[in-house]
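Tertiary structure, described
In case you want the letters, here they are:
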Amino acid sequence: MTRILVLGGTTEASALAKALADRGADAVFSYAGRTRSPVAQPLPTRIGGFGGVDGLVAFLKRERISKVVDATHPFAAQMSTNAVSACAKAGVDLCGFERAPWKAGIGDRWTDVADISGAVAALPKAASRVFLAIGKQNLSAFSVAPQHRYLLRLVDAPTSDLPLPNREVVVDRGPFTMSSDKALLSRHKTQIIVSKNAGGAGARAKLDVARELEIEVIMIDRPKVPSRMILGDLDQVLHWLGHSADLGV
């Protein structure tokens, strides 16, 4: 019997969890535990790390997992890298369920950079109003540019001091709409957006607003992950798992 582990944290992972639950699949959902109130899932759910590659190998064997779907955030490179190694060691099949990256179009004013350090270096010297749409993990890197006024949008309210004294925090959870993002960016007179190239529709609105308002975007490329099979469509993943639509209940 197939027993599935879904490494989650994205809208794609939630869609997969619902589809598997609807089909009565034997599956476990895993959250990394970075947010205090993760979205409830219709599958048995665990929260927290595994303890590196060896810990994940032990979990796969203990839980008799036969297939793993890595549907983590495209920037969760360490987890994805660990999954590749652990599944190879445990002899477990693995696929990545990954949305396509965003691409600049006509009218976009994007500067592509390789990583967080590149994003910091791409900021102007003159004080500017910057929307850091990157979550909370990498904020300290921008402390070297304290002249800017930063707008931060976080899933959870901060529980400790942030490394950016000149900032304003908005607590909100996507998906976001173009109208709400336009109101937010206009109200804060945003001049530059720093964004990770996460892809998908849930956080796309800010980029459409940036094009309309001619706001500059510093776009951070996705980190490198070891080679693995990548599927970009829910039906493809279900087919790979053996739970296609015609197998539903």
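In this report, we go over the structure that sits alongside the text. Predicted, not measured: the structure shown is a model, and the values here were computed from it. By convention here, each chain's residues receive numbers from 1 onward along its written sequence. Under the rules for a predicted model, residues below a pLDDT of 70 receive no local features and side-chain atom pairs below 80 are neither given nor counted, while totals for whole chains, interfaces and linings still include all residues. Note: side-chain values were computed over all heavy atoms of the structure, leaving out hydrogens and water.

**Some remarks on the environment of Leu94**
Within the element layout of this structure, Leu94 appears in strand β5 (residues 93-97). Filtering out sequence-adjacent residues up to four positions away, Leu94 remains in contact with Val68, Asp70, Ala83, Val84, Cys87, Met229 and Trp240. By definition, any uninterrupted DSSP run of H or I lasting at least four residues is a helix, any uninterrupted run of E lasting at least two residues is a strand, and each is numbered from the N terminus. Any pair of residues with heavy atoms lying within 4.5 Å of one another is described as a contacting pair.

**Here's the deal with the sheet that holds strand β7 (residues 129-133)**
The pairing criterion is simple: DSSP has to find at least two bridges between the two strands. Read from one edge of the open sheet, six strands run β6-β11-β10-β7-β8-β9, paired in parallel fashion. Both outer strands of the open sheet, β6 (110-113) and β9 (167-171), are each paired with one neighbouring strand and no more. On average, each strand axis in the sheet is inclined to that of its neighbour by 20°, with strand direction left out of account. Summarising the sheet, β7 and strand β10 (residues 192-196) pair through four bridges and their orientation is parallel. Residue pairing across strands places Val130 opposite Ile192, the latter belonging to β10. Inter-axis angles, ranging from 0 to 180 degrees, are taken between N-to-C directions of lines fitted to C-alpha atoms, where helices are fitted over the stretch in contact.

**Concerning the packing of aromatic side chains**
A pair of aromatic rings is counted whenever rings of Phe, Tyr or Trp (Trp by its six-membered ring) have centres within 6.5 Å, and the orientation is called stacked for planes under 30 degrees apart, edge-to-face for over 60 and tilted otherwise. Applying the stated criterion across every chain yields a total of three aromatic pairs. Seen from their ring centres, Phe29 and Tyr31 are 4.9 Å apart, and the 65° between their planes marks the pair as edge-to-face. With respect to burial, Phe29 and Tyr31 carry one shared label: buried. Note on Phe142 and Tyr150: the rings are 6.2 Å apart at their centroids and 70° apart in plane angle, and the pair reads as edge-to-face. Relative accessible area decides the class of each residue, using a 1.4 Å probe on protein chains only: under 20% of the type maximum gives buried, over 50% gives exposed, and in between gives partly exposed.

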